[in-house]
Amino acid sequence: MTQETIKNFIETLLNKLEFSFDSIEIDDNSGQRVFQIKTKEGTKLIGNRGDTIRAINHIVKRTFENSEEDLRFLIDVNGYRIKKIEELKQTAKDRKSVV
């Protein structure tokens, strides 16, 4: 199973859920594969505090969990989750410097 198979599954899932999107790009962020969904409906696809995109990420990982594929990946929308991860890292650095 390849990352293209996962990408195609994400595309199919989004279409069935009637989410419109422009493209899905496969990126690398600090050694983690990121399926970056580009869309004009980012708010709808992200959901309240990221709930919708986390649920989609969970569904995709559960679908492929018994495969040989390395499941260390993240599904993101317009950079939302990567931005949140970077904010969390910065908060941790700031708190560390206080201590």
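See the structure printed just above.
Everything numeric in this text was worked out from a predicted model, so none of it was measured.

Parameters at a glance
Residues numbered from 1 in each chain as written. Predicted model: local features only at pLDDT ≥ 70, side-chain atom pairs only at ≥ 80, totals over all residues. Heavy atoms only, no water. Helix = DSSP H or I, 4+ residues; strand = E, 2+ residues; numbered from the N terminus. Buried < 20%, exposed > 50% of the residue type's maximum accessible area, 1.4 Å probe, protein only. Lys, Arg positive; Asp, Glu negative; His and termini not counted. Charge placed at Lys NZ, Arg CZ, Asp CG, Glu CD. Contact = heavy atoms within 4.5 Å. Pairing = 2+ DSSP bridges. Axes fitted to C-alpha atoms, helices over the stretch in contact; angles between N-to-C directions. Parallel < 35°, antiparallel > 145°, perpendicular 65-115°, else oblique. Left-handed = near helix turned anticlockwise from the far one by under 90°. Nonpolar A, V, L, I, M, F, W, Y, C, P; charged D, E, K, R; others polar.

Asks: Could you give an account of the overall build of the protein chain, naming the residues involved and the relevant values?
Replies: Each helix and strand in the protein chain was counted, giving four helices and three strands. Beginning at the N terminus, the succession of helices and strands in the protein chain can be written as α-β-β-α-α-β-α. On the principal axes, the C-alpha backbone points of the protein chain span a range of 45 × 30 × 20 Å. Looking at the 99 residues of the protein chain, the share that counts as buried comes to 30%. Here the protein chain carries 18 positive and 17 negative side-chain charges, and the mean point of each set is 6 Å from the other.

Asks: Give a detailed account of the environment of Lys38, specifying residues and quantitative values.
Replies: Relative to the helices and strands, Lys38 resides in strand S2 (residues 32-38). Given the relative accessible area of 29%, Lys38 is considered partly exposed. For the pair Lys38 and Asn57, spaced 19 residues apart in the sequence, the C-alpha separation amounts to 15 Å. Lys38 has contacts with Phe21, Asp22, Ser23, Glu25 and Asn78, leaving out every residue within four places of it along the chain.

Asks: Could you give me a rundown of unusual backbone geometry, with the residues and numbers involved?
Replies: The phi angle at Glu18 is positive, at roughly 65°, despite the residue not being glycine. Mapped onto the elements, Glu18 comes out in the loop between helix H1 (3-16) and strand S1 (23-29). Its identity as a non-glycine residue notwithstanding, Asn78 has a phi of 50°, on the positive side. Residue position: Asn78 is located in the loop between strand S3 (73-77) and helix H4 (80-98). Judged by relative accessible area, Asn78 falls into the partly exposed class, the value being 40%.

Asks: Explain the pairing of S1 residue by residue, including any values.
Replies: The side chains of a regular strand alternate, first on one face of the sheet and then on the other. Note: S1 against S2, seven bridges, orientation antiparallel. By the bridge assignment, Asn29 is partnered in S2 with Gln32. Where S1 hands over to S2, the hairpin turn is made up of two residues, of which Ser30 adopts a positive phi near 55°.

Asks: Residues and numbers for the sheet that holds S2, please.
Replies: What the three strands build is an open sheet, ordered S1-S2-S3; its pairing is mixed. Two strands in the sheet have a free side with no partner beyond their single neighbour: S1 and S3. The average undirected angle you get between the axes of adjacent strands in this sheet is 25°. Here H1 sits on the sheet in contact with S1, S2 and S3, set at roughly 35° to S2.

Asks: An account of the packing of H1 against helix H3 (residues 51-64) is requested, with residue identities and associated values reported.
Replies: Viewed as axis vectors pointing N to C, H1 and H3 meet at an angle of 130°, and their least axial separation amounts to 11 Å. In terms of their interaxial angle, H1 and H3 are classed as oblique. Helix-helix and strand crossings are classified by hand; for H1 and H3 the assignment is right-handed. Taking contact as the criterion, the partners of Thr5, Ile6, Phe9, Ile10, Leu13 and Leu14 in H1 are, on H3, Ile56, Ile59, Val60, Thr63 and Phe64. Classifying every residue of the contact of H1 with H3 by side-chain character gives nine nonpolar, two polar and no charged.

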